[in-house]
Amino acid sequence: MPKMKSVKSATKRFKLKKGGSIKRGSAFRSHILTKMSSKRKRNLRNPQAIHEADAASVKKMLCK
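For every chain, the first residue of its written sequence is number 1, and the numbers climb from 1 along that sequence. Confidence filtering applies because this is a predicted model: local features only for residues at pLDDT of at least 70, side-chain atom pairs given and counted only at 80 or more, and all residues used for totals across whole chains, interfaces and linings. Excluding hydrogens and water, the side-chain figures rest on all heavy atoms present in the structure.

Caption draft 1: Fine view of the overall build of the chain. Put simply, DSSP H or I for four residues or longer makes a helix, DSSP E for two residues or longer makes a strand, and each gets a number counted from the N terminus. What the chain contains, in helices and strands, is three helices and three strands. Overall, the chain shows an N-to-C arrangement of helices and strands of α-β-β-α-β-α. For a compact globule the rule gives 2.2 Å times the number of residues to the power 0.38, and the radius of gyration it is set against comes from C-alpha atoms. A globule of 64 residues ought to have a C-alpha radius of gyration of about 11 Å, yet the chain, at 15 Å, is considerably larger. With the principal axes as the frame, the chain shows a C-alpha extent of 55 × 25 × 20 Å. Scored against the burial criterion, the 64 residues of the chain give a buried share of 14%. When the accessible surface of the chain is totalled, it reaches about 5,700 Å², and 54% of it is carbon and sulfur. Partly exposed residues are those whose accessible area sits between 20% and 50% of the maximum for their type, while under 20% is buried and over 50% is exposed, using a 1.4 Å probe and protein chains only. The Shrake-Rupley method, run with a 1.4 Å probe, gives the accessible areas here. Residue values count only the displayed protein chains as cover.

Caption draft 2: Summary view of the nonpolar core. Formed by Ala-10, Phe-14, Ile-22, Ile-50, Ala-55, Val-58 and Leu-62, the largest nonpolar core amounts to seven residues. What makes two residues a contact is simply this: any of their non-hydrogen atoms within 4.5 Å. For Ile-22, the contacting residues outside a window of four places in its chain are Phe-14, Lys-15, Leu-16, Gln-48, Ala-49, Ile-50, Ala-55, Val-58 and Lys-59. Remark: nonpolar core denotes a set of buried residues (Ala, Val, Leu, Ile, Met, Phe, Trp, Tyr, Cys) joined through side-chain atoms within 4.5 Å.

Caption draft 3: Structural context of the sheet that holds strand S1 (residues 14–16). Two strands are said to pair when DSSP picks up at least two bridges between them. Pairing in this open sheet of three strands is antiparallel, and the strands run S1-S2-S3 from one edge to the other. Only two strands of the sheet have a single partner each, and these edge strands are S1 and strand S3 (48–49). Relative to S3, strand S2 (residues 22–24) runs antiparallel, the two sharing two bridges. Across the sheet, the residue bridging to Lys-23 is Ala-49, located in S3.

Caption draft 4: Focus on unusual backbone geometry. Residue Phe-28 is not a glycine yet carries a positive backbone phi of 65°. One can find Phe-28 in the loop between S2 and helix H2 (38–45). Positive phi outside glycine occurs at Ile-32, with the angle close to 55°. Relative to the helices and strands, Ile-32 resides in the loop between S2 and H2.

Caption draft 5: Broad picture of the environment of Lys-3. Take Lys-3: it is sitting in the segment before helix H1 (8–13). Sequence-wise, Lys-3 and Cys-63 are 60 residues apart; in three dimensions their C-alpha atoms are separated by 11 Å.

Caption draft 6: Region of interest: a positive patch on the surface. The residues that make up patches have over 30% relative accessible area and no salt bridge, and they are joined within 9 Å when like-charged or within 5 Å when they are Val, Leu, Ile, Met, Phe, Trp or Tyr. Each reported salt bridge corresponds to a side-chain nitrogen of Lys or Arg within 4 Å of a carboxyl oxygen of Asp or Glu. In this tally, Asp and Glu contribute negative charge and Lys and Arg positive charge; neither His nor the terminal groups of the chain are included. In plain terms, the charge of a residue is placed at NZ if it is Lys, CZ if Arg, CG if Asp and CD if Glu. Together, Lys-3, Lys-5, Lys-8, Lys-12 and Arg-13 give the surface a local cluster of positive charge. One can find Arg-13 in helix H1.

Structure representation (structure tokens):
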């Protein structure tokens, strides 16, 4: 049986939390940030949790 390999792009994007939920970074943080308010940029800084509908596919990619 071959070794299970995780999807490397998924390992860079997602982290498994202790309770089993998966955290991710926010989108829209790369460029053209001058038109965005400071409040919006500050809220995008914090990690988000992925939706439970996507959790099974992400766990499969992470081999968990």
